[in-house]
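Fold and contact review
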Amino acid sequence: MIRVGTGWDLHRLVPDRPLVIGGLTIPSPKGALAHSDGDVLVHALIDAILGALAKGDIGSHFPDTDPAYRGADSMELLKTVIEEELPPYSITNIDATIILQTPKLREHIDAIRENLSKALNLPLEAISVKAKTAEHVLGELGSGDAISAQVSLLISG
Ligand code: MG
């Protein structure tokens, strides 16, 4: 049995917040405004996994009104979903795109892939992470005041 999932997320970027992407803190003057650590890539990934399973979304599993998730490490939320929701399925491959005007992510992409590889116990070859700018258009994305991510994946089992 093979199932497909997609996820999408967006966060506003503000000064004096860490920019966390795929569990990696990226040097940046701005970071995601969020109840949790605002890891846009991991949030989209969790939604893609839950979507493939038809088990709701990140907000239904980890409500942002719940103080338990204030400042939450999104990688821990991801591990919870992998351990408690995913079986008997496993992830076949992931293809992700991050949309961020600045800073450029190219030099961080492999570290992000390695982080996800360890967290998901998946080979690097199964994890694609791409980064694009918004070409200075698309409102807050283009002005560098927001970050977005989209994820497609296959699960099998
Ligand atoms: Mg989010």
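Residue positions are counted from 1 within each chain, in the order its sequence is given. Residue-level local features of this predicted model are given only where pLDDT is at least 70; pairs of side-chain atoms are given and counted only at 80 or more, and the full residue set underlies all totals for whole chains, interfaces and linings. Side-chain metrics in this entry use all non-hydrogen atoms of the structure; hydrogen atoms and water are not considered.

On to the pairing of strand 6 (residues 127-132). Note on pairing: DSSP must find at least two bridges between two strands before they are called paired. For helices the rule is a DSSP run of H or I covering at least 4 residues; for strands it is a run of E covering at least 2, with both sets numbered from the N terminus onward. Relative to strand 6, strand 5 (residues 90-100) is paired through 6 bridges, and the arrangement is parallel. Looking at strand 6, one finds that I98 is bridged to A131. The handedness rule is simple: strands pointing away from the viewer, and a clockwise path from the first strand over the helix to the second, make the crossover right-handed. For the handedness criterion, the β-α-β arrangement of strand 5, helix 4 (residues 109-120) and strand 6 is classed as right-handed.

On to the coordination of the magnesium ion, then. Protein-derived ligands of the magnesium ion are D9 (OD), H11 (NE2) and H43 (ND1), with the metal-ligand distances lying across 2.1 to 2.2 Å. Here the term donor refers to an N, O or S atom within 2.8 Å of the metal (or 3.2 Å for Na, K and Ca), and because water is left out of the atoms, sites may appear incomplete. In the primary structure, the donors to the magnesium ion are separated according to the pattern D-x1-H-x31-H. Of the two residues, H11 sits in strand 1 (residues 2-15) while H43 sits in helix 1 (residues 40-53), which places them 32 residues apart along the sequence. Under the scheme applied here, a residue whose accessible area is under 20% of the maximum for its type counts as buried, over 50% as exposed, and between as partly exposed, the area being computed with a 1.4 Å probe on protein chains only. Look at H43 and you get buried, because its relative accessible area is 8%.

This next bit is on the pattern of salt bridges. Salt bridge, as used here: a side-chain nitrogen of Lys or Arg that lies within 4 Å of a carboxyl oxygen of Asp or Glu. Counted under the stated rule, the structure contains 5 salt bridges. The partner of E85 in a salt bridge is K55, and the shortest N-O contact between them spans 3.2 Å. Residue E85 is located in the loop between helix 3 (74-84) and strand 5, and its partner K55 is located in the loop between helix 1 and helix 2 (58-61); the two are separated by 30 residues in the primary sequence. Accessibility expressed as a relative area gives 34% for K55, which makes it partly exposed. Two residues, D95 and K130, come together in a salt bridge whose shortest N-O distance is 2.6 Å.

With an omega dihedral of 10°, the bond running from P87 to P88 counts as a cis peptide bond. Relative to the assigned elements, P88 resides in the loop between helix 3 and strand 5. With an omega of 0°, the peptide bond running from T102 to P103 counts as cis. Checked against the element boundaries, P103 lands in the loop between strand 5 and helix 4. For N121, which is not a glycine, the phi torsion comes out positive at approximately 55°. Checked against the element boundaries, N121 lands in the loop between helix 4 and strand 6.

Moving on to the sheet that holds strand 4 (residues 30-32). Reading across from one edge, 4-1-7-5-6 is the order of the 5 strands in this open sheet, with mixed pairing throughout. Only two strands of the sheet have a single partner each, and these edge strands are strand 4 and strand 6. Ignoring which end each strand starts from, the neighbouring axes of this sheet average 20° apart. Sheet topology places strand 1 next to strand 7 (residues 146-156); 11 bridges connect them, and they run antiparallel. Counted as the bridge partner of W8 is Q150 from strand 7. Whether two residues touch is decided by their heavy atoms; if any such pair falls within 4.5 Å, the residues are in contact. Here the axes come from fitting lines to C-alpha atoms, over the contacting stretch only for helices, and the angles between their N-to-C directions go from 0 to 180 degrees. Sitting on the sheet, helix 1 is in contact with strand 1, strand 5, strand 6 and strand 7, with an inclination near 155° to strand 1. Contacts between helix 4 and the sheet are confined to strand 5 and strand 6, with strand 6 contributing the most and set at about 145° to the helix.

Honestly, it's all geometry; don't read function into it.
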